[in-house]
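For reference, the chains in residue letters:
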Amino acid sequence: MLTNKVFMKKTKRGNILKIVREHYLRDDIWCGSAACQTCPADENAALLDEVPEPVSERFAFPHYLLLDTNVILYQMDLLEESAIRNVIILHTVLDEVKHRSAVVYKRLRAVLSDPARKFYTFVNEHHKDTYVEREPGESANDRNDRMIRTAAEWYGKHLAPRIGKKSARAGVRIVLLSDDADNRAKAMALGLNTCSALEYMKATKATFAHLLDKIAQRELVSESKDPLFPSHLTMLQIHEGIMGGKLMQGGFLASRENYLEGYVRVEGIEKAVLIQGRMNLNRAVDGDTVAIEMLPESEWKAPSDVVLVDEQTDPGDMVEPDPTFSVKPQAEREPTAKVVGIIKRKWRQYCGILLPSHIQGSTRHIFVPAERKIPRIRIETRQAATLLSQRIIVAIDQWPRHSRYPQGHFVRALGPIGSKETENEVILLEHDVPHSRFSEDVLACLPELPWTITAADLQRRVDLRGITVCSVDPPGCTDIDDALHARRLPNGNIEVGVHIADVGHFIRPGTALDREAASRATTVYLVDKRIDMVPGLLSSNLCSLRGGEERFAFSCIWELDDEANIRNTRYHKSVIKSKSALTYEEAQIIIDDAKQTNDVATSLRLLNRLAKILKKRRTEKGALVLASPEIRFQVDSETHDPIDVKAKQLLETNSMVEEFMLLANVSVAEKIEQEFPECAMLRRHPCPPQANYEPLVKAAEHQGFEILTTSGKELATSLDKAVKPDNPYFNTMLRILATRCMMQAVYFISGTVQRDEFFHYGLAAPIYTHFTSPIRRYADIIVHRLLAACIGADSTYPELLDKKVNSNLCNNLNYRNRMAQYAGRASVALHTHLFFRKRSEDEQAYILFIRKNALQILVPKYGFEGTIYVTGRNNEEIKTGVRFVYDEEQQTQRCGQVVFRAFDPVIVRLSLDSTNVQHEKLVFELVKPYIEGFSVKAQGAAAEVETPKRKGEPQQTTKSKKNKKAK
């Protein structure tokens, strides 16, 4: 049977096109039921059971579930439970889910692909008895709902018992699950069995009672007569307000240090707009796109100096009044706004713990997310006794005006709180790191073993196996991306080669492996594990430039003079055989040992000498030498628990490798941009707005130094001059502060921004890209493909030259890189806590910031940063009789005769506080200078430290020794 689909389409020029499409209808599409004796069976389809056994007793007969779109969109956590079986998914519903949520669609497809789940897709759009035409004036949504009811009605008749037929199917009926009240009412009018997901699960059998926890709370429940928050504007009101200039929109960023504060980044405004106070935040959650209304200038605020954490444990809606924020001078106040509407929610699933309820047997509980920027969430669960000791995942469903907290539902448990495996899983989930096993489709793209380089391969590549090439990497590195060589040429110049793993040879465009690598975007490095971007066969074997093994490479080779000036550059696909895979320390020993004169030593010394010239030239141009506290853990080979920790030590060889990687990236950027000016994938580092530098400039001013920030060169020069002979760590701390003023470097497509915006501020490079790490960065694979096309080593393909496609790819790369960075930091924090369990140490430290109620402390030995609170949230004394006075103008804290300033040296005790199982934290306690009633006694002897000045007295020195590290 043939029917026509007719619809109108408006062209870019405003013309109206009438489009007619033929739509074929059949009567032989299988219903999917094993009980059916009418339909022609499809041997390849998953069968619905002949006698289904439902989890709910809501309907006292065997039945299949037929779902509407809203149930799938909002109850996917329930549907993923293995107990939910014998479900019919209409093609109409599947198509609507695909268009409304790619994430939910992917999850649904995973369920449909599992035969054991008994989910059957019925192609109702092409069955002559279930297809319906859209009526005049009928919305697409209403037509889809009518299609669902029609299919449910057809199934009911189709599976109804027939006289003379002998089958167990007589008792099988259809239950339409719908969370749309209007759709349910119309279904009931047709005599259909229907209910909401919540109603269905409330009647669940005792064995499956835990499934009720998975129900998303979609119905608004008023728990208080009076609303706690202002109402949100409608989308129409928001649109009109933005068009009229009354409102602005932007992404909401919640504060980690103060749960009553946040910022909104508005396009076109240099500095983020401050939002302060519960009512002004108005239920915005970190990541949401919100509409804001600016407050009158008389109501503008200054960011709070107080660290505030929500500590309420009552699941009710009693709201404490906001603490009083100190009134700041007008000059320090910032543009301040209030949230008036939500344009787009960016809710996800959150990891955290359940707080015990004050009421015995209560099902209402408060969930505390691991991420401090996310508010507490109210959920209902009947498994509290089990879940209190577990890390769990919860999803937000809604945040009504009458509720202090958003309402959500339990998704699943991860494992025992404090277990390293569980906490690692939390880190990966919280930072959205894809870490599932590679699929069979991806693994099918890998080459078969044994893999060898053939004669045909050698004909297409330059053979560099005879050159003395070596790699220099951190200890334990198995994914070796790069190798180097340097040798004298007959004309007296120096040939230098950077050889990069040719990952693109194994990952071809459009394959399942390519799509997976593009989605993952980057390898993620945790302290005790690595989440690879590509399967291990490539990352640690066939692509890794291991010593003594022949490998494919993409080589960038320069001819340099003795002053490191480039005379010419060439690129080619090559075959190399690394002579040695060295660590930074091993390479440094070879360079420093004058007795070693072999080819590897000669090459390394040439590279090291040239690298020093290149670095000097870069810094003279304004490249920044910044700092960040980094540490390295020594882990037990069997348990992978940390047994020692120390700050990373950088050697000359670190800088040597870095300089030639930078040079290769700049050279390749110039090449691909010249050849593909509209679609080259580049990397830029925007110049920070001057407002970003305020903390750095103020901190330096209080120490008598002027930091100039109008250009990168001025900043670099003034940082070089800011040196205190009596405090050798002072300059490093300034550079740490400078690092925090920087913007994020991002990938972009050359044709999407102006040429003058290509600049990489930190490197002082006019143009830059990433070419040197294709094993662990997908951006480098794209750059390899562009460079290969430049030199005729490979051909282009449509997506490679598509600006829009690659701009979207850049967005994913930037997001994944940022999350990988945060995940790495979280892993360091976790292993820090593991290291300090059952131990404490007294260590030399420095004050990084002076807060209104705290001292921000940095411990150079470990790179740790922490807080010593000196007053409570309302400026009350933390310890009786000990009062600190904060001087905002001088940025000091004074207790009696002891004055604390930024960058002052102190001694602190480090220990782990495990009383809060959700947030185990490293505790910093003051040892020196000693303040009676506040400081702790030194453990044994203490280290020598200069204490902060007493008022009117010269700097004093107190002697003590460091406590020995616990074994």
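Residues numbered from 1 in each chain as written. Predicted model: local features only at pLDDT ≥ 70, side-chain atom pairs only at ≥ 80, totals over all residues. Heavy atoms only, no water.

Looking at an unreviewed UniProt entry, one finds the chain named Protein DIS3 homolog and attributed to Anopheles quadriannulatus. Under the Sequence similarities (unreviewed entry) heading, UniProt states for the chain: "Belongs to the RNR ribonuclease family." Under the UniProt heading Cofactor (unreviewed entry), the note attached to the chain is "Mg(2+)". (UniProt positions renumbered as here; feature names shortened; annotations may be inferred.)

Asks: Help me get a handle on the overall build of the chain, residues and values and all.
Replies: Looking only at helices and strands, one finds 23 helices and 40 strands in the chain. For the chain, the residues scored as buried account for 51% of the 967 residues in total. Across the chain, every contact between residues at least 6 apart in sequence was considered, and the portion connecting residues at least 24 apart equals 67%. For the chain, the accessible surface area stands at approximately 45,700 Å², while carbon and sulfur atoms represent 50% of it. (Helix = DSSP H or I, 4+ residues; strand = E, 2+ residues; numbered from the N terminus. Buried < 20%, exposed > 50% of the residue type's maximum accessible area, 1.4 Å probe, protein only. Contact = heavy atoms within 4.5 Å. Areas by Shrake-Rupley, 256 points an atom, 1.4 Å probe, with all protein chains shown as cover.)

Asks: Break down the nonpolar core for me, citing the residues and quoting the values.
Replies: Counting 94 residues, the largest nonpolar core has L604, F660 and M681 as the members making the most contacts within it. A total of ten residues in this core trace back to one element, the largest contributor, which is helix α22 (residues 778-790). Those residues in contact with L604 that lie beyond four places of it in its chain are C470, V472, L582, A587, I590, I591 and M656. Counting 55 residues, the second largest nonpolar core, distinct from the first, contains C39, I88, V93 and L211. (Core = buried A, V, L, I, M, F, W, Y, C linked by side-chain atoms within 4.5 Å.)

Asks: Tell me what's going on with the sheet that holds strand β33 (residues 864-869), and back it up with residues and numbers.
Replies: Sheet strands pair by backbone hydrogen bonding; their relative direction is either parallel or antiparallel. One open sheet accounts for five strands, arranged β33-β32-β31-β37-β38; its pairing is antiparallel. In the strand order of this sheet, the two ends are held by β33 and β38 (921-928), each with one partner. Strand after strand, the sheet turns through a mean of 45° between neighbouring axes, direction not considered. Bridging between strand β37 (residues 905-913) and β38 involves seven bridges; their strand directions are antiparallel. Across the sheet, the residue bridging to I907 is K928, located in β38. Packing of helix α23 (residues 803-836) onto the sheet brings it into contact with β31 (841-850), β33, β37 and β38, and relative to β38 it is tilted by some 60°. (Pairing = 2+ DSSP bridges. Axes fitted to C-alpha atoms, helices over the stretch in contact; angles between N-to-C directions.)

Asks: If you had to explain the sheet that holds strand β10 (residues 273-276) to someone new, which residues and values would you point to?
Replies: In spatial order, the strands read β10-β9-β8-β11-β12; together these five strands make up an open sheet with antiparallel pairing. Of all strands in the sheet, those with a lone pairing partner are β10 and β12 (337-344), marking the two edges. Shown here is a sheet whose adjacent strand axes are inclined to one another by a mean of 40°, direction ignored. Bridge count between strand β8 (residues 248-254) and strand β9 (residues 261-266): five bridges; the pairing is antiparallel. Bridging across to β9, G251 finds its partner in R265. On top of the sheet, helix α8 (residues 235-243) reaches β8, β11 (289-294) and β12; it is set at about 120° to β12, its chief contact.

Asks: Quick rundown of the pattern of salt bridges? Include the residues and the values.
Replies: For the coordinates displayed, the defined rule picks out 51 salt bridges. The salt bridge involving E423 is made with R391; its shortest N-O contact spans 3.0 Å. Of this pair, E423 sits in helix α11 (residues 420-430) while R391 sits in strand β16 (residues 390-398), placing them 32 residues apart in sequence. Neither E423 nor R391 differs from the other in exposure class; each is buried. (Salt bridge = Lys/Arg side-chain N within 4 Å of Asp/Glu carboxyl O.)

Asks: I'd love a proper account of helix α21 (residues 730-741), names of residues and values included.
Replies: The first and last C-alpha atoms of α21 sit 17 Å apart over twelve residues, in line with the 16 Å expected at 1.5 Å per residue. Among the twelve residues in α21, nine count as buried, and that is most of the element. Residues of α21 that are buried: F730, N731, M733, L734, R735, I736, L737, A738 and C741. Summarising the contacts, the buried residues of α21 are in contact with α19 (694-701), α20 (712-721), β31 and β32 (854-859). (Expected span 1.5 Å × (residues − 1).)

Asks: Tell me what's going on with the packing of aromatic side chains, and back it up with residues and numbers.
Replies: Following the criterion strictly, the structure yields 17 aromatic pairs and no others. Geometrically, the ring pair formed by F122 and Y155 is edge-to-face, given 5.2 Å between the ring centres and 70° between the ring planes. Remark: Y155 occurs in helix α5 (residues 140-158) and F122 occurs in strand β5 (residues 119-122); sequence separation between them is 33 residues. There is no split in this pair, since F122 and Y155 are both buried. Relative to F552, the ring of W451 lies with its centre 5.4 Å away and its plane at 90°, an arrangement referred to as edge-to-face. Of this pair, W451 sits in the loop between α12 (440-443) and α13 (455-459) while F552 sits in strand β24 (residues 550-560); the two residues are 101 residues apart in sequence, bridging distant segments of the chain. (Phe/Tyr/Trp six-rings, centres within 6.5 Å; stacked < 30°, edge-to-face > 60°.)

Asks: Explain the side chain of N124 to me, using residue names and the numbers behind them.
Replies: Here N124 shows up in the loop between β5 and α5. Side-chain polar atoms of N124 contact the backbone nitrogen of H91, separated by 3.1 Å. Residue contacts for N124: discarding those within four places in its chain leaves L90, H91, T92, T130, Y131 and M147. (Polar contact = N/O pair within 3.5 Å; in protein donor to acceptor, adjacent residues only side chain to side chain.)

Asks: So what's going on with the environment of K573? Which residues, and what values?
Replies: Relative to the elements of secondary structure, K573 occurs in strand β25 (residues 566-577). A relative accessible area of 14% places K573 in the buried class. Sequence spacing of K573 and S555 is 18 residues, and the spatial spacing of their C-alpha atoms is 6.1 Å. Of note is the side chain of K573, whose polar atom sits 3.4 Å from the side chain of D502.

Asks: Before we move on, can you summarise the packing of α11 against α23 with the specific residues and values?
Replies: At a closest axis distance of 10 Å, the pairing of α11 and α23 adopts a crossing angle of 160°. In terms of orientation, α11 lies roughly antiparallel with respect to α23. The hand of the α11/α23 crossing is right-handed. Taken together, the residues of α23 that come into contact with α11 (itself represented by K420, E423, N424 and I427) are A823, A826, S827, L830, H831 and L834. By residue class, the composition of the contact of α11 with α23 is five nonpolar, three polar and two charged. (Parallel < 35°, antiparallel > 145°, perpendicular 65-115°, else oblique. Left-handed = near helix turned anticlockwise from the far one by under 90°. Nonpolar A, V, L, I, M, F, W, Y, C, P; charged D, E, K, R; others polar.)

Asks: So what about helix α18 (residues 652-675)? Which residues, and what values?
Replies: In a regular helix each residue adds 1.5 Å, so 24 residues correspond to 34 Å; α18 covers 35 Å between its end C-alpha atoms and thus fits that length. With 17 of 24 residues buried, α18 is to be regarded as a mostly interior element.

Asks: If you had to explain the side chain of D904 to someone new, which residues and values would you point to?
Replies: The topology assignment puts D904 in the loop between β36 (898-901) and β37. Although D904 is buried, it makes no salt bridge; R901 carries the closest opposite charge, 5.1 Å away. A polar atom in the side chain of D904 sits 2.8 Å from the backbone nitrogen of R901. (Lys, Arg positive; Asp, Glu negative; His and termini not counted.)

Asks: Quick rundown of the packing of α19 against α21? Include the residues and the values.
Replies: It is at 8 Å that the axes of α19 and α21 come closest, and there the two elements cross at 160°. When the interaxial angle is binned, α19 and α21 end up roughly antiparallel. Judged by residue contacts, L696, A699 and A700 of α19 engage L734, L737, A738 and C741 from α21. When the residues that make up the contact of α19 with α21 are grouped by side-chain class, the tally is seven nonpolar, no polar and no charged.

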